Each structure stands twice: as C-alpha cells, then as structure tokens.
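Architecture and fold: a report
Residue-level listing of the chains:
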Amino acid sequence: MSALLIHGATVLTVNASDEVIADGAVLVEDGRIADIGPSAALLQRWPGVDRHDARGQVLLPGLVNLHLHSGLIRGTAEDMPVFAWLARHVDPKHRVLSADDAYAASRLCYAEALLSGTTTVLDMYRYMHRCADAAEQLGLRAVLAPYVADQPPYTYFETLEANARLVEERHGSAQGRVRVWFGLEHLTYCTEAAFREAARLAEHYGVGIHTHGEESREMASRLHAETGLWPIELFHERGILGPRTVLAHCVWLQPQEIEILARTGTSVAHCPVSNMKLASGICPVPELLDAGVAVGIGSDGVKENNNLDLLEEMKFVPLLQKVRLLDARAMPAPQVLRMATIDGARALGLDDEIGSLERGKKADLILVDFMRPHLTPVLHGAYGNVVSNLVYAARGSDVRLVMVDGQVLVRDGVLLRADVNELMRQAQQATEALIVRREPYVPTIEGC
Ligand SMILES: [Zn+2]
C-alpha cells in the first residue's frame, strides 16, 4: 500500500459541476484518488500519511493530447501549403524512417509532453512497438494508432496486418496504460477497402479508430466533386464512424457532416496551432459542442506545431473562436479546460477512469506552480481567476509535478524515468542521419 496526501493546492476537479476547491487536498492511494476535499478535513482524516505541500500550486487532472505525431523534424518544414509540405518533407521521411528513429522520436515527444503536463496521448506514428516501449519506460498513458496507408504510392507506410499484430501484442500492456487502436493516414492515402477492413478489425478487437478528418478546403471540395460525398459522409459510408472513433482536425464541415458526427458519437481532435500554421482554416468547435460532439485538443506533431505544450495550445482554442465569431463570449475558459481533460478522456473511452479529479478515478494529475509573476494574483470567490489564468497565461514550463496511475513521473519539473539529456542526444543523432537518408527522395516542388 502506498499513499500520498497532496494538500494546500487550488484544486480544479473538472467534475460535473466544475468544482474548484480553494485550499484543497487529494489523497492518492494505490494509484487511485481515495479522497478529495478541503485540506483541513483531509489532513485531519488521514494522519500519518506521507504529505506533499502544494501551497501556491494548482492541482488538476493530467492533460489529454488527443492528436499528436511523434517526430524528429521539428522546425525543418516551414511555411508551405499542406499538400506540398507533405510531398516535400513528410512523405520522403516516411520512406526511410526506421524503428530506432521511432523509439528516439517517441521518447523525445513523450518526455516533452510529460514535462508540460500531458499524461495521456493519442499518437499516430510508425513502428509503434517502439513507441509502446517508450511509453512503458516513461510511464505515461498512450493510445497508439499507426500510420496505415495502402493507396499507391504510399505503400511504404504501415499495414493493417502490422497494426493488428500490434493490437494483439501490446494492447493493454504496461498495466493497461498502453492501448492500441487502428490508424488510417487520410482519405487520399488509404483505399476504400482499407477503411472497411479497419472498421471490421476494430470491431473484432474491440478497439478504436483514429484518422485525419479534412484540414484542407480544396481537398474537401475535390473529394466532393469526385465522389458526390463530403469527407465525413465518405467516412460514414466506409463504416468507420462511431463512439470509438476520433477524427483529427475536421476544419471544413457541412451542417450535415456535423449532424453525422453527433448521431454516430464520433469525436473530434481540435488542433488550432496546426490549423493556423498550415493555413488550413478554423474548426467550428462551438457548433460541434452544441451538437453534442466530444471535442478534445491536440497539438498535432512537432513538424506542424512546433511544440507539444498543451497549456499553450489551450489558449488558441477560445481566441480563434472569438475572432471567427466576433463574439468575446465564445468558449469560456472552463469549457476549454474540459476539452483538454475530461472531453479528451471521453473521446478515448477513458472518462470513467481519468479526466477529472474524483474519488475512485485513477490518479493522473498535475501540479502547476502559480507562484510566478505571469500567474499573479490568485483570486477566489466573485473574482476567481485561476481557470482563466490556467488557460490564458500558464505555460508548460510551470508544471512541477506529474503523476500517472499514482506514480510520480515528473518532480520539481524534472523527468524521473529517463535522462532527458540522453534522450535529446539520441534524437539529435537520429534526426541528422534521417535527413541524410531522406535526401534522395526529396522532390523539387514548383514555387516552394
Ligand atoms: Zn496529424
């Protein structure tokens, strides 16, 4: 039996009533939240238990990054339209990527995610048995969805057979923290048969499906011109939509597509920074939420973003909607916090276990240091400002402690399960070699 009483924090429970406890405490016992409430009550109720003084800090559920790609080519593929960017930089990289690269990339990205307060990721990448190794080693919760593609010329991506093997070998490993879903790159990278087979396999194994909804207006129009169906209608027709499916982006949506997402219980991973940087457009998040669609927040990869700081990402969610709708009332901060926690958990089918601080749930939680100039003052009551400042002013570097399954993975801002300098060195070497191997495959693209 191991127990720890974290006390003295402002606790953002993200429970059904978004309860905030001004001087709150959480008892973590055997990996779960055994008690939660005012500090005074818990300190009295649990004498003799190890204590962690969290005065000046904010305690909240660990963040859920609902769409990321582990990766190594941060900052090397800039200022290009999305399909030229894929052809010039991303697809040639996939031709030469190795399993060792995948390990270096996922260790780097999971370390970055953990250090900035993310405890659960939905990662789409390659050679994901090595991503499973990295997740197991670093201790975070990871849902892995390989980049499957079969439409020529993209046959050098992952296959559905390899994806199914990964499900059989790793789904539920690391005491249940590692899960495996079926991943499909994109409508234009996968045949209709691949979508139908992924739907069949996901049903067979009882796991989810992750793919990219439409980012590009031009591509949505092209698909509609070619097939008579909009992208969400195409997904629906190919049988992949449902409560265990998460679509990234979904920037360009017709009203009937929002209705299909809501009716099928399909979830969306909103990636505002990626959508801005690749000039994709603005996902209609309020309309999706009004329709009852679960919308979580994703960073996308380091090649799109260029970081995995979900606290920073949160700020862009309401800013984009306020300016799109010219309505400052759009998307209040508590709603954004829900997206980054419980709604992301719901999209993954994990909301019974994580996503809020409630008795009985798994202890996936973070402490953010508010004793910083950019987070001062801290107020409660009528002028309470903690949730607003978390969304609009906090940074990943303010995260002090990260716990998953009751295990401390980051303490005092330091990663505990791996040497961060060593994993940076490994990523540096892997990237330099990858760029050299990629060079023969890089096409010349007019105007880029
Ligand atoms: Zn993506």
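**Regarding the coordination of the zinc ion**
In this structure, His67 (NE2), His69 (NE2), His212 (NE2) and Asp300 (OD) serve as the protein donors to the zinc ion, at separations of 2.1 to 2.6 Å. Here the zinc ion binds 4 donor atoms, and the angle range of 85 to 176° at the metal identifies the geometry as irregular. Here the donor residues of the zinc ion share one chain and are spaced in sequence as H-x1-H-x142-H-x87-D. Pair noted here: histidine 212 is in strand β11 (residues 209-212) and aspartate 300 is in the loop between β14 (295-297) and α12 (310-325), with a separation of 88 residues, a long-range link. Here histidine 212 and aspartate 300 have matching classes, each one buried.

**Topic: the pattern of salt bridges**
Taken as a whole and assessed by the stated rule, the structure comprises 28 salt bridges. Where glutamate 226 meets arginine 222, a salt bridge forms, and the shortest distance between an N and an O atom there is 3.1 Å. In this pair, glutamate 226 and arginine 222 both sit in helix α7 (residues 217-227), 4 residues apart, roughly one turn of the helix. Judged by its relative accessible area of 42%, arginine 222 falls in the partly exposed class.

**Let's talk about the nonpolar core**
The tendency in soluble globular proteins is for nonpolar side chains to be buried as a group. Ranked by internal contacts, the top residues of the largest apolar core, which has 133 residues, are Leu60, Tyr110, Phe182, Ile232, Leu288, Met314 and Leu390. No other element matches helix α3 (residues 99-115), which puts 9 residues into this core. Both domain 1 (3-61 + 356-415) and domain 2 (63-347) contribute no fewer than three residues apiece to this core. Setting aside its immediate chain neighbours within four residues, leucine 390 contacts Leu12, Leu60, Leu311, Met314, Leu337, Val368 and Phe370.

**Things to note about the pairing of strand β7 (residues 118-123)**
Burial analysis of β7 places 6 of its 6 residues in the buried class, the great majority of the element. As judged from the 4 bridges shared by strand β6 (residues 63-68) and β7, these two strands associate in the parallel manner. Bridge assignment links valine 64 to a residue of β7, and that residue is threonine 120. In this structure, β7 lies alongside strand β8 (residues 141-144), joined through 4 bridges in parallel fashion.

**Some details on the environment of methionine 371**
Here methionine 371 shows up in the loop between β15 (365-369) and α14 (386-392). Overall, methionine 371 belongs to the exposed group, its relative accessible area being 64%. Here the alpha-carbon distance between methionine 371 and glutamine 57, two residues 314 residues apart in the chain, equals 7.1 Å.

**Some remarks on the domain arrangement of the protein chain**
Looking at the assigned domains, one finds that the protein chain contains domain 1 (3-61 + 356-415) and domain 2 (63-347). Between domain 1 and domain 2, the C-alpha centre-to-centre distance is 29 Å. Summed over both sides, the interface of domain 1 with domain 2 buries roughly 2,300 Å², with 67% coming from carbon and sulfur. Contact with domain 2 buries surface across domain 1, with Val391, Tyr392 and Leu415 losing the most and accounting together for 27% of the total.

**Topic: empty space enclosed by the protein**
The probe, sized like a water molecule, is rolled over the atoms to show the empty space still left. All chains considered together, the criterion is met by 2 cavities of 30 Å³ or more. A class-by-class count of the residues in the lining of the largest cavity yields 8 nonpolar, 4 polar and 6 charged. Each pocket or cavity is described by its volume, and for the second largest cavity that value is around 40 Å³. Ala77, Glu78, Asp79, Met80, Trp85, Lys277, Leu278, Lys303 and Glu304 are the residues that line the second largest cavity. Of the residues assigned to the lining of the second largest cavity, the class counts are 4 nonpolar, no polar and 5 charged.

**Looking at α3**
Because an α-helix packs 3.6 residues into every turn, residues spaced three or four apart end up facing the same way. Taking 1.5 Å as the rise per residue, α3 with 17 residues should run 24 Å; its terminal C-alpha atoms sit 24 Å apart, in good agreement. Backbone geometry just downstream of α3 places glycine 117 in the positive-phi region, at approximately 95°.

**What about unusual backbone geometry?**
Residue proline 152 is joined to proline 153 through a cis peptide bond whose omega torsion reads 10°. Checked against the element boundaries, proline 153 lands in the loop between β8 and α5 (160-170). For the peptide bond that leads from threonine 376 to proline 377, omega is 5°, which places it in the cis range. Tracing the backbone shows proline 377 in the loop between β15 and α14. Positive phi is not limited to glycine here, since valine 14 has a value of about 50°. On the basis of relative accessible area, valine 14 is assigned to the buried category, the value being 4%. Of note in the backbone geometry, aspartate 18 takes a positive phi value of approximately 50° without being a glycine. Within the secondary structure layout, aspartate 18 lies in the loop between β1 (3-12) and β2 (20-29).

**Considering the packing of α3 against helix α15 (residues 420-438)**
Here α3 crosses α15 at 135°, and the two axes come no closer than 9 Å. In terms of axis orientation, α3 runs oblique to α15. Seen from above, α3 lies across α15 with left-handed handedness. Side by side, α3 and α15 meet where Asp101, Tyr103, Ala104, Arg107, Leu108, Ala111 and Leu115 of the first sit next to Val420, Glu422, Leu423, Met424, Gln426, Ala427, Ala430, Leu434 and Arg437 of the second. Partitioned by chemical class, the residues of the contact of α3 with α15 number 11 nonpolar, 1 polar and 4 charged.

About the cut-offs
- Sequence positions are assigned chain by chain, starting from 1 and proceeding in written order.
- Two thresholds apply to this predicted model, a pLDDT of at least 70 for residue-level local features and 80 or more for giving and counting side-chain atom pairs, whereas whole-chain, interface and lining totals are computed over all residues.
- Values reported for side chains reflect all heavy atoms of the structure, with hydrogen atoms and water molecules removed beforehand.
- Keep in mind that water is not among the atoms, so a site may look incomplete; donors are the N, O and S atoms within 2.8 Å of the metal, or 3.2 Å for Na, K and Ca.
- Think of it this way: with four donors and all angles in the 85 to 135 degree range, the site is tetrahedral; with four or six donors, opposite ones beyond 155 degrees and the rest between 65 and 115, it is square planar or octahedral; otherwise it is irregular.
- Here a strand is any run of E in DSSP of at least two residues, a helix any run of H or I of at least four, and the numbering for each starts at the N terminus.
- Burial status follows relative accessibility: with a 1.4 Å probe on protein chains alone, a residue under 20% of its type maximum counts as buried, one over 50% as exposed, and anything between as partly exposed.
- Here, a salt bridge means any side-chain nitrogen of Lys or Arg that lies within 4 Å of a carboxyl oxygen of Asp or Glu.
- We call a set of buried residues a nonpolar core when its members are Ala, Val, Leu, Ile, Met, Phe, Trp, Tyr or Cys and they connect through side-chain atoms within 4.5 Å of each other.
- Where each domain starts and ends follows an automatic or database-derived domain assignment.
- Contacts are residue-level and defined by heavy atoms, with any inter-residue pair within 4.5 Å sufficient.
- Here a strand pair is declared whenever DSSP counts at least two bridges between the two strands.
- Note on terms: buried area is the combined drop in 1.4 Å-probe accessible area of two parts once they are placed together, counting the loss on both.
- A cavity here means a set of 1 Å grid points, computed over protein atoms only, where a 1.4 Å probe fits but cannot escape. A pocket is an open set with protein on both sides within 12 Å along at least 5 of 7 lines, and lining residues have an atom within 4 Å of a point.
- Grid points are joined across faces, edges and corners, and a volume is the space filled by probe spheres set on the points.
- Put simply, Ala, Val, Leu, Ile, Met, Phe, Trp, Tyr, Cys and Pro go in the nonpolar bin, Asp, Glu, Lys and Arg in the charged bin, and everything else, Gly too, in the polar bin.
- Each residue after the first adds 1.5 Å to the expected span of a helix.
- All axes are obtained by fitting lines to C-alpha atoms, using only the stretch in contact for helices, and the reported angles, taken between N-to-C directions, cover 0 to 180 degrees.
- Here roughly perpendicular refers to angles of 65 to 115 degrees, roughly parallel to angles under 35, roughly antiparallel to angles over 145, and oblique to all remaining angles.
- Helix crossings fall into two classes, left-handed where the near helix is turned counterclockwise from the far one by less than a right angle and right-handed where it is turned clockwise.

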